[in-house]
Amino acid sequence: MRIGIVCYPTFGGSGVVATELGMALAEKGHVIHFITYDRPVRLRDHPNVFYHEVRVSDYPLFDYQPYELVLTSKLVDVAKFAGLDVLHVHYAIPHASAAWMAQRILAAQGIRLPFVTTLHGTDITLVGRDPSFEPVITFSIEHSDAVTAVSESLKRDTRTHFPVEREVQVIPNFVCVDQYSHVPDQGLRDRYAPNGERLLVHVSNFRPVKRVQDVVAMFLHLREQLPCRLLLIGDGPERQRIETLCRASVHGKDILFLGKMTRPEEVLSSCDLFVLTSENESFGLAALEAMACGIPVVSTDSGGLPEVNIPGVSGLLSGVGDILTMASNAMTILGDPNTHARFKEGAIEQARRFDLMRILPQYEKLYQDVVAPVNA
Ligand code: GMT
């Protein structure tokens, strides 16, 4: 099939999922066209992969550049000249409405382009609920040829927050477990934990919804009971505030900010525990990637996290903001080597349930279904 993929090209989970999905489909022989404003960070060269940049001109009249319109025109262009069979848009805003507009323009020219919308999280739980977006999101969801959500929790949220009747299929996010190393890099451990401390790690875009201050607070509690250090990977609006907070702490030297990384798994596989303190998390791809590296997870129980991090198997859960329970959960996992080893095994086993090989056919089937009506 010839498949167009629209996503955010940045470090966010939706862009990572879209990119890895496209790469896996290309590997299976599909021809993939990525259409976005910058080259997705995880995109690798492949003979079946093409990248089309959406360039918005900065005409002086525009205080706000009309990205959605330029994206729509690009979708029309790629669909016609690459002969797309189907379009898959990740993150509803503004991709689903642009896809619908492109579909209508193409229909006027006698060309059919079905499109699938994948809802990822904040497009439903945070941003999309804003009245300034809601009518457009509702309309785009209703008019997509198929809609998927990355967890049961997100599917429920979609029904709760938007007046939509249509079917929403859950296709969870995925990892390719065998591509992740389960062997710690001793050099890296020596660098980050020179005295044999336990290594905690958190990866995020440092948005307020991640509550990174709770990661720091639980760490400071834990280090009173167990020698440990904390690695913070990623960047975003809250980073400066959190970094200032850490510098002010007497234990700030045990907290290292590594910034954005293209391959965080290289650090993850040398850590002992992943911490995710989000107020809302539709899925928690970062936690799943840690689990695939054999790293247990201490997380909140918000959104789709309990579908990914199974308490007692891959890690432990607590309420949002309950830093004492988070610290005690971390102590339970790290305090005894046998328990830690059991959770590490459990994390890999649980990650295998989301292996790419299980998820990819679900997307291929969906594409076939939306393309099919015309061939039937
Ligand atoms: O808001 C974000 O954290 C970024 C966002 C994205 O679209 O990049 O992440 C969402 O999608 C990821 C991939 O499906 C999920 O793993 C994240 O849980 C989800 N984030 C939230 O729900 C906060």
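Above this text is the structure in question.
Residues numbered from 1 in each chain as written. Predicted model: local features only at pLDDT ≥ 70, side-chain atom pairs only at ≥ 80, totals over all residues. Heavy atoms only, no water.

(A) Spatial organisation of the environment of His46. Tracing the backbone shows His46 in the loop between strand 2 (31-36) and strand 3 (49-53). Counting along the chain gives 21 residues from His46 to Tyr67, while the straight-line C-alpha distance between them is 27 Å. Excluding residues within four positions of it along the chain, His46 makes contact with Met23, Ala26 and Glu27. Looking at His46, its side chain comes within polar contact range of the main-chain nitrogen of Asn48, at 2.9 Å. (Helix = DSSP H or I, 4+ residues; strand = E, 2+ residues; numbered from the N terminus. Contact = heavy atoms within 4.5 Å. Polar contact = N/O pair within 3.5 Å; in protein donor to acceptor, adjacent residues only side chain to side chain.)

(B) Just helix 5 (residues 134-143), in detail. When we look at burial in helix 5, the residues that qualify are Ile137, Thr138, Ser140 and Ile141. Buried residues of helix 5, seen end-on, are gathered within an arc of 170° and therefore sit on one face of the element. The inward-facing, buried residues of helix 5 contact helix 3 (92-108), strand 5 (115-119), helix 4 (122-125), strand 6 (146-149) and helix 6 (152-161). (Buried < 20%, exposed > 50% of the residue type's maximum accessible area, 1.4 Å probe, protein only. Arc of directions from axis to C-beta.)

(C) Spatial organisation of the packing of aromatic side chains. If you walk through the whole model with that rule in mind, you get eight aromatic pairs. Ring geometry for Tyr8 versus Tyr37: centroids 6.5 Å apart, planes at 70°, classification edge-to-face. Remark: Tyr37 occurs in the loop between strand 2 and strand 3 and Tyr8 occurs in the loop between strand 1 (2-6) and helix 1 (13-27); sequence separation between them is 29 residues. Among the residues examined, Tyr8 registers a relative accessible area of 23% and is labelled partly exposed. Classification of Tyr37 by relative accessible area gives partly exposed; the value is 33%. Linked through ring pairs, Tyr8, Tyr37, Tyr67 and Tyr91 together constitute an aromatic cluster. (Phe/Tyr/Trp six-rings, centres within 6.5 Å; stacked < 30°, edge-to-face > 60°.)

(D) Highlighting the pattern of salt bridges. Evaluation of the coordinates by the stated rule reveals 23 salt bridges. The residue Asp235 makes a salt bridge to Arg239 at a minimum N-O spacing of 3.1 Å. Asp254 serves as the salt-bridge partner of Lys253, at 3.8 Å between the closest nitrogen and oxygen. Lys253 gets classed as exposed once you look at its relative accessible area, which sits at 57%. On the accessibility criterion, Asp254 (8% relative accessible area) is buried. Three or more residues joined by partner-sharing salt bridges are found here, namely Glu20, Arg42, Arg44 and Glu289. (Salt bridge = Lys/Arg side-chain N within 4 Å of Asp/Glu carboxyl O.)

(E) Structural view of the sheet that holds strand 3. The parallel open sheet is built from seven strands, whose spatial order is 3-2-1-4-5-6-7. Looking at the sheet topology across the chains shown, the edges are occupied by strand 3 and strand 7 (169-170). Pairing between strand 2 and strand 3: five bridges, direction parallel. Each bridged residue has a counterpart across the sheet, and for Thr36 the counterpart in strand 3 is Glu53. Of the strands in this sheet, strand 1, strand 2, strand 3 and strand 4 (86-90) touch helix 2 (residues 67-82), which is tilted by about 160° from strand 2. (Pairing = 2+ DSSP bridges. Axes fitted to C-alpha atoms, helices over the stretch in contact; angles between N-to-C directions.)

Geometric descriptors of this kind do not, in isolation, establish any biological role.
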